[in-house]
Number of protein chains: 2
Amino acid sequence: TTPAWRAQNRDRTSGPQAAQPPCRESVYMENLERIIDVGRGLVRGDLLLKNCRIVNVFSSKIEEANVIIANKKIVGIGDYEEADTIIDLEGAYLLPGFIDAHVHVESSMLTPFEFARAVGPLGVTSAIVDPHEIANVLGHDGIKFMLESSKNNHISLYFMLPSCVPATHMETSGATLLAEDIGYFMEKKWVKGLGEVMNYPGVLAKETQILEKIQLAKMKNSDGHAPGLSGKDLNAYVATGISTDHECLTPEEAMEKLARGMRILIREGSGAKNLDALIGIVTPQNCNRFMFCTDDRHPEDLANHEHINYSIRRAVEMGLDPMSAVKMATINVAEHYNIPRKGAIAPGYWADLVVVNDFKHFDIKKVFRSGELIAENYTFLARAKGEDPVNLRGSVNVGYFDRSKLTVADRGKSIRVINLIADQIVTTESIEAPTVVHGNVVSDPARDLLKIAVIERHMATGNVSVGFVRGFGLKHGAIASTVSHDSHNIIVVGVSDDDMERAVQELILSQGGKIVIDGGETKALLPLPIGGLMSRLGLPEVAAQKRTLEAAARALGTTLTSPFMTLSFLALPVIPHLKITDQGLVDVIKFDFVPLFVE
Amino acid sequence: TTPAWRAQNRDRTSGPQAAQPPCRESVYMENLERIIDVGRGLVRGDLLLKNCRIVNVFSSKIEEANVIIANKKIVGIGDYEEADTIIDLEGAYLLPGFIDAHVHVESSMLTPFEFARAVGPLGVTSAIVDPHEIANVLGHDGIKFMLESSKNNHISLYFMLPSCVPATHMETSGATLLAEDIGYFMEKKWVKGLGEVMNYPGVLAKETQILEKIQLAKMKNSDGHAPGLSGKDLNAYVATGISTDHECLTPEEAMEKLARGMRILIREGSGAKNLDALIGIVTPQNCNRFMFCTDDRHPEDLANHEHINYSIRRAVEMGLDPMSAVKMATINVAEHYNIPRKGAIAPGYWADLVVVNDFKHFDIKKVFRSGELIAENYTFLARAKGEDPVNLRGSVNVGYFDRSKLTVADRGKSIRVINLIADQIVTTESIEAPTVVHGNVVSDPARDLLKIAVIERHMATGNVSVGFVRGFGLKHGAIASTVSHDSHNIIVVGVSDDDMERAVQELILSQGGKIVIDGGETKALLPLPIGGLMSRLGLPEVAAQKRTLEAAARALGTTLTSPFMTLSFLALPVIPHLKITDQGLVDVIKFDFVPLFVE
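Notes on the structure follow. (Residues numbered from 1 in each chain as written. Chains lettered and ligands numbered in written order. Predicted model: local features only at pLDDT ≥ 70, side-chain atom pairs only at ≥ 80, totals over all residues. Heavy atoms only, no water.)

A count of helices and strands for chain A gives 17 helices and 31 strands. Its C-alpha atoms give chain A a radius of gyration of 26 Å, near enough to 25 Å, the size a compact globule of 599 residues would have. Across its three principal axes, chain A shows a C-alpha extent of roughly 95 × 55 × 45 Å. Burial analysis of chain A (599 residues in total) assigns 62% to the buried set. (Helix = DSSP H or I, 4+ residues; strand = E, 2+ residues; numbered from the N terminus. Rg over C-alpha atoms; globule rule 2.2 N^0.38 Å. Buried < 20%, exposed > 50% of the residue type's maximum accessible area, 1.4 Å probe, protein only.)

This next bit is on the interface of chain A and chain B. In this assembly, 59 residues from chain A lie in contact with 58 residues from chain B. Roughly 5,400 Å² of surface becomes buried between chain A and chain B when both sides are summed, with 56% attributable to carbon and sulfur atoms. The interface formed by chain A and chain B contains 12 salt bridges. Between B:K206 and A:D37 there is a salt bridge, and its shortest N-O distance comes to 2.6 Å. Joining chain A to chain B, the criterion identifies 22 residue pairs in polar contact (both at pLDDT 80 or more). The set of elements that each furnish at least two residues to the side of chain A that touches chain B consists of α2 (24-39), β2 (61-70), β3 (73-78), α6 (200-204), α7 (208-216), α8 (231-239) and α9 (251-259) of chain A. The dominant element in the side of chain A that touches chain B, judged by the number of residues it contributes, is α2(A), at nine residues. Here the residues of the side of chain A that touches chain B are counted per class, giving 25 nonpolar, 16 polar and 18 charged. (Contact = heavy atoms within 4.5 Å. Buried area = accessible area lost by both parts, 1.4 Å probe. Salt bridge = Lys/Arg side-chain N within 4 Å of Asp/Glu carboxyl O. Polar contact = N/O pair within 3.5 Å; in protein donor to acceptor, adjacent residues only side chain to side chain. Nonpolar A, V, L, I, M, F, W, Y, C, P; charged D, E, K, R; others polar.)

Between chain A and chain B, the superposition needs a rotation of 180 degrees and an axial shift of 0.0 Å, giving an RMSD of 0.1 Å. In symmetry terms, the pair is related by a two-fold rotation axis. No C-alpha of chain A lies nearer the rotation axis than that of A:Q285, which sits 2.4 Å from it. The overlap is high: 98% of the interface residues of chain A also sit at the interface in chain B, so the same surface is used on both sides. (Least-squares fit on C-alpha atoms with pLDDT ≥ 70 in both.)

It is worth spelling out the pattern of salt bridges at this point. The tally for this structure, following the rule as stated, stands at 66 salt bridges over all chains. Among the ionic pairs, B:R470 bridges to B:E432, the shortest N-O distance being 2.3 Å. With a gap of 38 residues between them, B:R470 in strand β23 (residues 464-470) and B:E432 in strand β19 (residues 427-432) connect regions that are remote in the sequence. When salt bridges with common partners are traced through the structure, they connect A:R44, A:E82 and A:D84 into a single cluster.

Running from N to C, α7(A) and helix α2 (residues 24-39) of chain B point in directions that differ by 115 degrees, and their axes come no closer than 11 Å. By the angle class used here, α7(A) and α2(B) are roughly perpendicular. Crossing geometry of α7(A) relative to α2(B) is assigned as right-handed. Together, A:T208, A:L211, A:E212, A:I214 and A:Q215 of α7(A) and B:E25, B:Y28, B:M29, B:L32, B:E33 and B:I36 of α2(B) make up the contact between the two elements. Broken down by class, the residue content of the contact of α7(A) with α2(B) amounts to six nonpolar, two polar and three charged. (Axes fitted to C-alpha atoms, helices over the stretch in contact; angles between N-to-C directions. Parallel < 35°, antiparallel > 145°, perpendicular 65-115°, else oblique. Left-handed = near helix turned anticlockwise from the far one by under 90°.)

All names here are of chain A. The terminal C-alpha atoms of α2 lie 22 Å apart, and with 16 residues this matches the ideal 22 Å at 1.5 Å per residue to within 8%. Regarding α2, the residues found buried are S26, Y28, M29, L32, E33, I35, I36, D37, V38 and G39. Immediately downstream of α2, the backbone of G41 shows phi near 80 degrees, a positive value. (Expected span 1.5 Å × (residues − 1).)

Applying the stated criterion across every chain yields a total of 12 aromatic pairs over all chains. Measuring from centroid to centroid gives 5.8 Å for B:F58 and B:Y349, while their planes differ by 65 degrees, and the two rings are edge-to-face. Note that B:F58 is positioned in the loop between β1 (45-56) and β2 (61-70) and B:Y349 in the loop between α14 (331-336) and β14 (353-356), a separation of 291 residues in sequence. Looking at B:F58, the relative accessible area reads 1%, which means it is buried. Between B:Y200 and B:Y237 the ring centres are 6.4 Å apart and the planes differ by 85 degrees, which places this aromatic pair in the edge-to-face class. Here B:Y200 is found in helix α6 (residues 200-204), whereas its partner B:Y237 is found in helix α8 (residues 231-239), with 37 residues between them in sequence. By relative accessible area, which is 21% here, B:Y200 ends up partly exposed. Taking relative accessible area as the criterion, B:Y237 reaches 0% and is therefore assigned buried. Ring pairing ties together the aromatic residues A:Y93, A:F359 and A:F362, which thus form one cluster. Sitting over the face of the ring of A:Y93, A:R53 holds its NZ or CZ atom 5.7 Å from the ring centroid. Across from the ring centre of A:W350, 4.7 Å away, lies the NZ or CZ of A:K73, which sits over that ring. (Phe/Tyr/Trp six-rings, centres within 6.5 Å; stacked < 30°, edge-to-face > 60°. Lys NZ or Arg CZ within 6 Å of the ring centre and 35° of its normal.)

Adjacent strands of a sheet form backbone hydrogen bonds with each other and so pair up, either parallel or antiparallel. Residue and element names in this part refer to chain A. Overall, parallel pairing links the eight strands, which are arranged β6-β7-β8-β9-β10-β11-β12-β13 in an open sheet. Each edge of the sheet is formed by a strand with only one pairing partner; in this case those strands are β6 (98-103) and β13 (290-293). With strand direction ignored, the average angle separating the axes of adjacent strands in the sheet is 30 degrees. Sitting on the sheet, helix α5 (residues 179-186) touches β8 (156-161) and β9 (191-197), and the angle it makes with β9 is about 145 degrees. (Pairing = 2+ DSSP bridges.)

The subject of this paragraph is the pairing of β14(B). Residues and elements named next belong to chain B. Burial along β14 is two-sided: the face carrying L353 and V355 and the face carrying V354 and V356 are both buried. Looking at chain direction, strand β5 (residues 93-96) and β14 are connected through four bridges and run antiparallel. Note that in β14 the partner of Y93 across the bridge is V356. Direction of pairing for β14 relative to strand β15 (residues 364-369): antiparallel, over a ladder of four bridges. Across the sheet, the residue bridging to V356 is I364, located in β15.

As structure tokens, this is what we get:
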């Protein structure tokens, strides 16, 4: 007799139920039946990859065989011969698709859709995404946007829910997310747990807010972020259930955390680079406790073909065996984050695959996702899937602002100055005599002493705070950005109040971005209309805009490698020593506000 | 201000809500707060284990330190000094509690409660249980009994739901479990997926019944059971999502299954022993793909202190490094079966711990479960937890039965005879002339040709089938059992119809068990009133009864090592060659019934 589910399925082409889609169970059963037949070699598959050198992360061996794919899944490994499409790999290596274990998509300034088109050709077919930045700007709506725009994406994005929004009580963010706010998302299938718990002092102090979030995630994972934490405090932090760390700086720190049960994410990002320091402790025996992550990768690095593929290559250059390196980018991530049937080449696994010609440089030739060839020779191929229209409100909501808000009346006292350290995000503080003109403290490019301001842009509070910074080296003009961690208020630094005012007003008009102003004119603008963080354009355009932007900033006289990255961390009051938020100057060591003028 | 949850919690000792238990969240938060304080060393813990050699399955190293425990969990490793109870281990090794990856509790003839008291002292603090036997007898009620009686147990039992009830269509079981029947249990927290899918021909033939069960478990695990399956058929079987196998006989078979993504459970049971053959393929690099299981362990082996502890010791004797052996019995099982926070000694992990004096013989000194000392020197210590009363209907429900049902009228033809092979569960078939007395075919001890019968005991169908068997060697009397895989009908073999009738009637009266009858008298009876499978008594009593039983059987003349185990497999029509069910003789190769008399 015809089983009930099958009879029901036949109905869909005729009869009154014709308009009904088949139920999920029916589709699943039909797929399963076909998979069994293809696996047994009884019927032809969809795609046959011939003459592969299969990198088998289970047996830790290279296997020479064919791979048959059907219904988006790998179905068999062996001497299969027939399929609708046959590709001869001619002995090339076949790897599982890479999975980035921790990434803030916003750092690429790309939407999830464009991010996929950027990293897919680099072999990344899945990523664990922490939408921390957009959550600080648009809260619940921001997270929802990221989840929704990942649904029909070219790669698979899984989410960890931001745990620290706002980052501190000393800044105005666009949202405050309590446990009940993120609880809405926690049950969702694509959500894998709680994002990096940066507020480790809060955990140790047993703050109810943060413990409630950890409790919420207790059936999923909680990511950690605890640089330098050690000994008994580390025990306490880990005992709450936090199970990863990507902030290790030294082998000793990583080995202690590993011994306490944490999985170690070795980060190689655009800013923070820990791979060279840590990779020496990975062995074939312990490698299942390690993964790779990028955390933050900027568009120029992506355009330069550097993502998880770079981490693998670099690890092998540093002496790690290639099999362990591949495991760190694939099965280890899938198993820790509970992503079923990804990260390996085996029957029943999703056909996310990467073809490389050798097992040393990992130069990527082809990338398949769910059995579809999505990229070849670093070029994205897959047909457009109908990008989800961005349905988000504008995020730049500034109260009345003009240059008068930037005026600092002299009080005849010394001032605190933020001092940059080249290519670092930590700063120092100096106490200096101000440069005063007509009774106001002003920028003085001759002393490399520039005015810096943070303008609240979420709630139209009108908050503006002003300070002074040394190290940018601008000789004229101003630069400004709506990307400024973690609250992403507008941050601006400049030589003249006129140019600073203009920079801020242009960013308000463009609803976000990064800008260079000189003599009242816009020299370069990188628009970031989505939350003030992400572009609507693709990687090539964004990378080009970024190059133009940085060239324009250099033309103002700065010698910093990444002036906008440096700028974006000056409002982050968790990195020592002196920072500035929309509410004032913050001494991070004291974890409190300090006045500009020193008594 | 006092957080809401804490204020609520305070209410429980006074005011109108005093009778309400605190909500789970409140308890969780209080525990978490205390755990943080104990971890940080700010307040004293519950239990301190001093001077441990900690076997760290994450770092693969032995760590000399103290372990502090609070709220049933390991909270810290380090130089802790204070706790309510302090035990000095004087340099003994501290291991995570063992987890049996696959076991049928019914084979111990003990209830889950008594099973815990038997294996707890052997270091087993958790087990993955497949209640396949009781499910064949009492279906849904049987599974529910096992789940319920595990709730307040001394060790943690997790469940895989039986996938093949009944085992075949050629026998009468006490229940038929379809996907919708086991679906009721699948969402439960303690249920970890689908039990061993023995019906691999059914999977390959795409039988809807079995595929529906696999579909049901697709967000959990499905265990495999596919002896000898290889090549494309193995691909197809694995592609459905089945992820383990415990039936490998050779290293080659195990390595092929491992390469296809299966985790390999190395079985060392009372009957099937595969450890010596397989252990050589385990290495520190691949050991995370392996686990230990017992499958079936009989009471006499448990009384002899052999369970997972034996597997570890034997593996090390065979040359495996002890760290890998411990991982196979601990973290590997917890991670595969998604048992959070078990299988390791690290902050936040449940305090399930085993103390041994050396890292070679693994002689067990102490066992802790959830921070409680439950056993010492193989003696169970924990206080009784109030055993759940067994609330199950009687399972022996036989239609009218007397010796007339055993009569076989001669038809003047040859008969098929089941031939035992010593100490194996496979049989052969011979065609022979019957011994006829007064027109009936009878047992003939001189030819070692004995009558065997299977009496249906679930539905009172009145089914009785009679055949003949060579190899038991009984000279007089009869033996019978309500344990006969997989349907567990009554099986009886004997020299005289009188004694066979008496044996069956006694088992009906006792509602199940194993019995030896001679000259109309009961020589030994092991009562198994729970489903006809399990005793109400503890291990020492059951092991003693078993010894008495086997001695009584030997007194009838049998020379078999385990006559009752041999008997229990003669009704299992999936093991070649000739078997007998309540519906008749089965030729397992043809997978069909065959008549007693040969045409």
